[in-house]
Amino acid sequence: MTGSHAGGTTGRRTGSGRRSLGWRIGTPVVALLSGSLLAVSATNSEGTDLRPGRYTDLAGLVEGEAANYRTVEDRFNKLSDEVERLSAGVKDKSVDEARGEIAQLRDPAGMAPHAGPGLRITLSDAPEDLVDDAVERNKQAEPDKRVNLNRFVVHQQDIQALVNALWNGGASAVTIAGQRVISTTGIKCEGNAVQLQGVPYPQPYVIEAVGDPSELYSSVATDHIVAGYRTDSENPEIGIGWSLDFKERVEAPAYDGVVDLHYAKPLR
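Residues numbered from 1 in each chain as written. Predicted model: local features only at pLDDT ≥ 70, side-chain atom pairs only at ≥ 80, totals over all residues. Heavy atoms only, no water.

**Q** So what exactly am I meant to see when it comes to the confidence of the model for the protein chain here?
**A** Keep in mind that low pLDDT regions are not for reading the predicted coordinates in detail. Confidence in the prediction for the protein chain averages 78 pLDDT; 71% of positions are at 70 or higher. When the criterion is pLDDT under 50, residues 1–19 qualifies, and its contacts beyond four places in sequence or with other chains add up to two contacts. Between residues 48–52, whose pLDDT stays under 50, and residues either more than four places distant or in other chains, the model counts five contacts. (pLDDT = per-residue confidence, 0-100. Contact = heavy atoms within 4.5 Å.)

So this is what it looks like as structure tokens:
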């Protein structure tokens, strides 16, 4: 042997007898304490998990949050009704004038139901078989010849472009999935769904607009962003979903969500 092990020990460690005695005494003590802890835990939990939150699934969490939202919304509606009732009892000229202005703005602001002729447009992702075919073709194609798989999916910018085209065409009310769109409505992609005011809605995405059908159609048909989407919908190898229908009557419910503005603030 060379180095630090030269002339060293035979492998037995000094003090091994004392350690063996400690293990013979300590092991039963540790086992006894562990058993006591298990017994106390079982008694306190009464047969249930002491930390059940670990097993809460996502569906249950969403359901619970939705129930909480409905509770808060009901309370908000009750308080709003009470405020309106109390305000109606106030006899003042300036209050009456303000109330009249509010009444005139409720409809254009989206706070009142609105109905009339218009358009219904439905967007949806491409069929899965077309996506699978594109994936196989991309495996054999040169990098610059591969099709972008994002073209098979409806994105938030597609919906935003369509809604903006409808506004430009003179729409007096717009809904997405039956929800009224107002100036503070945020459209956001979240997984395979689109969120409106934080609530997810799966495809197909039905967008309806109240207005002159011919003016609305003309605006949609001439929008260059929407045109790119429609080109992909007519491409048999992509086939992303698009349908447009003229409607004699489109009903847009009043917006009933929060109207607070949320925006980023610079850090200091």
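**Q** Mind showing me how you'd approach a negative patch on the surface here?
**A** A cluster of acidic residues, Glu128, Asp129, Asp132 and Asp133, forms a negative patch on the protein surface. Within the secondary structure, Glu128 is located in helix H4 (residues 128–140). Glu128 sits in the exposed class, given a relative accessible area of 66%. (Patch = residues over 30% accessible without salt bridge, like charges linked within 9 Å, V, L, I, M, F, W, Y side chains within 5 Å. Areas by Shrake-Rupley, 256 points an atom, 1.4 Å probe, with all protein chains shown as cover. Salt bridge = Lys/Arg side-chain N within 4 Å of Asp/Glu carboxyl O. Lys, Arg positive; Asp, Glu negative; His and termini not counted. Charge placed at Lys NZ, Arg CZ, Asp CG, Glu CD. Helix = DSSP H or I, 4+ residues; strand = E, 2+ residues; numbered from the N terminus. Buried < 20%, exposed > 50% of the residue type's maximum accessible area, 1.4 Å probe, protein only.)

**Q** How do you make sense of the pairing of strand E1 (residues 114–124) when you look at a structure like this?
**A** It is a general feature of regular strands that their side chains alternate between the two faces of the sheet. Across 10 bridges, the pairing between E1 and strand E8 (residues 241–252) is antiparallel. The residue bridging Gly116 from the neighbouring strand is Val250, located in E8. As paired elements, E1 and strand E7 (residues 205–210) share six bridges and run antiparallel to each other. Of the residues in E7, the one forming a bridge with Leu123 is Tyr205. (Pairing = 2+ DSSP bridges.)

**Q** Even after reading the chapter, I still don't get the sheet that holds E1, so can you show me in this structure?
**A** Pairing between the strands of a sheet is mediated by backbone hydrogen bonds and can be parallel or antiparallel. Pairing is antiparallel in the open sheet, where five strands are placed in the order E3-E2-E7-E1-E8. Either end of the sheet is taken by a strand with one partner, and the two such strands are strand E3 (179–180) and E8. Relative to E7, strand E2 (residues 173–176) runs antiparallel, the two sharing four bridges. The partner of Val174 across the bridge, within E7, is Ala209.

**Q** Explain helix H7 (residues 224–234) here, please?
**A** Because each turn of an α-helix spans 3.6 residues, side chains separated by three or four positions end up pointing in the same direction. Of all the residues in H7, the buried ones are Val226, Tyr229, Arg230, Asp232 and Ser233. Down the axis, H7 shows its buried residues gathered within 155 degrees of arc, on one side only. Exposed and oriented more than 90 degrees from the buried face of H7 are His224, Thr231 and Glu234. Buried-residue contacts for H7 involve E1, helix H5 (156–168), helix H6 (213–222) and E8. Capping of H7 at its N-terminal end is provided by Asp223; its side-chain oxygen lies 3.0 Å from the backbone amide nitrogen of Ile225. (Arc of directions from axis to C-beta. Polar contact = N/O pair within 3.5 Å; in protein donor to acceptor, adjacent residues only side chain to side chain.)

**Q** Would you mind showing me how to read the nonpolar core here?
**A** By size, the foremost hydrophobic cluster in this structure holds 31 residues, and its most contacted members are Leu123, Ile159, Leu166, Val174, Ile176 and Ile207. Elements with a contribution of two residues or more to this core: E1, H4, H5, E2, strand E5 (193–196), E7, H6 and H7. At six residues, the largest contribution of residues to this core is made by H5. (Core = buried A, V, L, I, M, F, W, Y, C linked by side-chain atoms within 4.5 Å.)

**Q** Is there a simple way to explain the pattern of salt bridges in this structure?
**A** If the charged atoms of two oppositely charged side chains come close together, the side chains can form a pair. One pass over the full model with this rule turns up five salt bridges. Residues Glu208 and Arg120 are paired through a salt bridge, measuring 2.6 Å at the closest nitrogen-oxygen approach. Of the two residues, Glu208 sits in strand E7 while Arg120 sits in strand E1, which places them 88 residues apart along the sequence. The buried category is assigned to Glu208, whose relative accessible area is 13%. Judged by relative accessible area, which is 31%, Arg120 ranks as partly exposed. For Arg137, the salt bridge goes to Glu237, with nearest N and O atoms at 3.8 Å.

**Q** For this particular structure, what's the right way to read the sheet that holds strand E6 (residues 199–202)?
**A** Here three strands make up an open sheet; going across it, the order is E4-E5-E6 and the pairing antiparallel. The strands lining the two open edges of the sheet, one partner per strand, are strand E4 (187–190) and E6. With direction set aside, neighbouring strand axes in the sheet form an average angle of 35 degrees. Relative to E5, E4 runs antiparallel, the two sharing four bridges. Across the sheet, residue Cys189 finds its bridge partner in E5, namely Val194. The strands touched by H5 within the sheet are E4 and E5, with E4 carrying the most contacts at an inclination of about 160 degrees. (Axes fitted to C-alpha atoms, helices over the stretch in contact; angles between N-to-C directions.)

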